[in-house]
Amino acid sequence: MDRLLLMQCFVRAVETGSFSAVARELGTGQPNVSRNIAALEQHLGTRLLHRSTRKLTMTAEGERYYAEVRQVLDAIAEAESNARGEDKPGGVLRVSCPTSLGRTQLLPWVVTFLEQHPGMEVDVQISDRFIDMVEDGIDLAIRIGTLKDSNLRARRIGASERVCVASTGYLQKNPAPKLPADLAQHNCIAYTLFSAGTSWLFSEGEVAIKGSLKSNTLDGVYQAVIDGLGIGYGPLWMFEDAVRRGEVKLLLTDFSPPPVPIQIVYSAARLMPRRASVFMDFFSEAFKNQPSLNEGALQKLLASQGPGDSFTA
C-alpha cells in the first residue's frame, strides 16, 4: 500500500470536493481515487468522508486527520524542495480576495510580483462571497475585518477606513447631512453584504438607512454614487480618486468609525510554503506604500482638500 498516495488522494478530494478532479490531477481514473480513499479508511478503521451525489463532506475524524496529514504533505514538499537546493519559490498559489480590493489594489501588483518570481503561478479568485479555504483549496485569503475563525491565522497588511460620500450632482439637488441621523432623509445606496444593507456604522453607533438601490458588490455602490443616485458608504481606498477629481464629496467625516484591518489569512493547520510567505511579504510592503490602505489616510486626504471639498458636522 502506497500510504503517501492514499493521503494525497484524500487531501485533494477534500480541497477540490471531487473525486474526478483528483483523478484528473493524478492522471488516473475516478474509480481508482475512490478505491484509494476507501483503502485509507479501511487502514485507519474509520470513515473520513461522507459521500453523496452532490458533495463530499468530512466526518469529525476526517477533519482531524486532514489537518494533521496536510501538515505532513506540506513538510514533505518543503523537504524535497530544500534537498534539491531550490531557493526560489515555485508552484501554484491560490489566493482569494474581495472584488473591489482585488480589482483596484491586488491585480495591479500581481504582474510585478510574477516578474520577481518567474517560477510561480498565481490563481486569484476574486469574489465577495464567503470563501471556505479548505473546501475551495485556497492557500491565502485577503480579508477586510476582524478574524473570527480560530482555525485560521492572520497577518495584518493594512487598514480600511470607511467613509460616507455623495456625488457633487446629488448634493446640488439635496442638502448635505450634518449628522448621521440626517441620513433618514436621503436615498442611501446599500451594500447588502455589510449589515444586510440596513445600517451604517459611525463613531457613535449604527444608524438605520434606506434607499431605492441595493448592491451585493462595492463596485455597484461606487457606480451608483458616481451616477448621482444617492449617498454611499464604503472604504476610502475605493472613493479616494473620485474625491481628488472633485466628482465625489466626503460627508460626516467627524463621525467616521474606527478603521478595520486588512489581513492575509491562512490555515493554522498547514505548513506555510515558501511561495505563500514571499507573497505575504511582497503584498505587505506593497500595501504599506499605499496611503489609502493605511490608518490616517482620511485625515491626510482631508488636509489636502480645500474648504468646501468635504461636508462635516
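Here the residue numbers are simple positions, counted from 1 along each chain's written sequence. This being a predicted model, a pLDDT of at least 70 is required before a residue's local features are given, and a value of 80 or more before pairs of side-chain atoms are given or counted; all residues contribute to the totals for chains, interfaces and linings. The basis for every side-chain value is the complete set of heavy atoms in the structure, and neither hydrogens nor water enter the calculation.

Draft legend 1. Spotlight on the pairing of strand β4 (residues 120–126). In this description, strands pair whenever DSSP reports at least two bridges between them. Every helix listed is a DSSP run of H or I at least four residues long, and every strand listed is a run of E at least two residues long, numbered separately from the N terminus. Strand direction decides the pairing type here: strand β3 (residues 91–97) and β4, joined by 7 bridges, are parallel. Bridging across to β4, G91 finds its partner in M120. We call a crossover right-handed when, viewed with the strands running away from us, the connection from the first strand over the helix to the second turns clockwise. In this fold, β3 hands off to helix α5 (residues 99–116), which returns the chain to β4; that crossover is right-handed.

Draft legend 2. Spatial organisation of the nonpolar core. Only buried residues count toward a nonpolar core. Its members are Ala, Val, Leu, Ile, Met, Phe, Trp, Tyr and Cys residues joined through side-chain atoms within 4.5 Å. Only protein chains enter the calculation, and the probe is 1.4 Å; a residue is then buried if its accessible area is under 20% of its type maximum, exposed if over 50%, and partly exposed in between. Among the nonpolar cores identified, the biggest contains 44 residues, and L140, F239, L250, I262, F279 and F283 are the most heavily contacted of them. Among the elements that take part in this core, helix α9 (residues 274–288) stands out by supplying 8 residues, more than any other. Residue contacts for F239: discarding those within four places in its chain leaves V163, V165, V221, Y222, V225, Y233 and G234. Counting 20 residues, the second-largest nonpolar core is a separate cluster that includes V11, V14, F19 and I37. Whether two residues are in contact is decided by their heavy atoms, any of which lying within 4.5 Å being enough.

Draft legend 3. Main features of the sheet that holds β4. As summarised here, the arrangement of the 5 strands in space is β4-β3-β5-β14-β6, forming an open sheet in which the pairing is mixed. Every interior strand has two partners, whereas the edge strands, β4 and β6 (152–160), have only one. Along the sheet, successive strands turn relative to each other by an average axial angle of 20 degrees, direction set aside. Where β3 and strand β5 (residues 140–144) come together, 2 bridges link them in parallel fashion. Bridge pairing links V95 to L140 in β5. Between N-to-C directions, angles cover 0 to 180 degrees, with each direction set by a line fitted to C-alpha atoms, over the stretch in contact for helices. Across the sheet, α5 lies against β3, β4, β5 and β14 (260–267), angled at about 175 degrees from β4, the strand it touches most.

Draft legend 4. Representation of the side chain of N187 within the structure. In this fold, N187 is placed in the loop between α6 (168–173) and β8 (190–191). Between N or O atoms, a polar contact is any pair within 3.5 Å; within protein, one atom must be a potential hydrogen donor and the other a potential acceptor, and residues adjacent in sequence are included only when both atoms are from side chains. Among the polar contacts made by the side chain of N187, one reaches the main-chain amide nitrogen of S212 at a distance of 2.7 Å. Polar side-chain contacts of N187 include one of 3.1 Å to the backbone oxygen of L229. With residues near it in sequence (within four places) discarded, N187 still touches Y170, K210, G211, S212, L229, G230 and I231.

Draft legend 5. A look at the packing of helix α7 (residues 218–226) against helix α8 (residues 236–244). Axis separation between α7 and α8 bottoms out at 11 Å; the angle between their running directions is 20 degrees. On the basis of their axis angle, the class for α7 and α8 is roughly parallel. In the packing of α7 onto α8, the handedness of the crossing is right-handed. Contacts from L218, V221, Y222, V225 and I226 in α7 reach M238, F239 and A242 in α8. Within the contact of α7 with α8, the residues separate by chemical class into 8 nonpolar, no polar and no charged. The cut-offs work like this: below 35 degrees is roughly parallel, past 145 is roughly antiparallel, 65 to 115 is roughly perpendicular, and the gaps in between are oblique. By convention the crossing between two helices is left-handed if the near helix lies anticlockwise of the far one by an angle smaller than a right angle, and right-handed if it lies clockwise. Each residue receives one of three labels: charged for Asp, Glu, Lys and Arg, nonpolar for Ala, Val, Leu, Ile, Met, Phe, Trp, Tyr, Cys and Pro, and polar for the others, Gly being one of them.

Draft legend 6. Spatial organisation of the environment of M133. If you trace the backbone, M133 turns up in the loop between β4 and β5. Along the sequence, M133 and V95 sit 38 residues apart, while their C-alpha atoms lie 9.4 Å from each other. Here M133 is in contact with I138, D139, L140, A141, R143, L152, V265, Y266 and S267, once residues within four sequence places are set aside.

Draft legend 7. Molecular detail of helix α2 (residues 19–26). Those residues of α2 not exposed but buried are F19, A21, V22 and A23. Its buried side turned inward, α2 meets α1 (3–16), α3 (30–44), β1 (49–51) and β2 (56–58). A positive backbone phi angle near 70 degrees is found at G27, which sits one or two residues after α2.

Draft legend 8. A look at the packing of α5 against α9. Packing of α5 against α9 brings their axes to within 11 Å, and their N-to-C directions diverge by 130 degrees. As the angle between them shows, α5 and α9 are arranged oblique. Taken as a pair, α5 and α9 cross one another with a handedness that is right-handed. Contact with α5, carried on its side by Q105, L106, W109, V110, T112, F113 and Q116, involves V278, F279, F282, F283, A286 and F287 of α9 and no other residues of that element. Considering only residue class, the contact of α5 with α9 consists of 10 nonpolar, 3 polar and no charged.

Nothing here speaks to function; it is geometry throughout.
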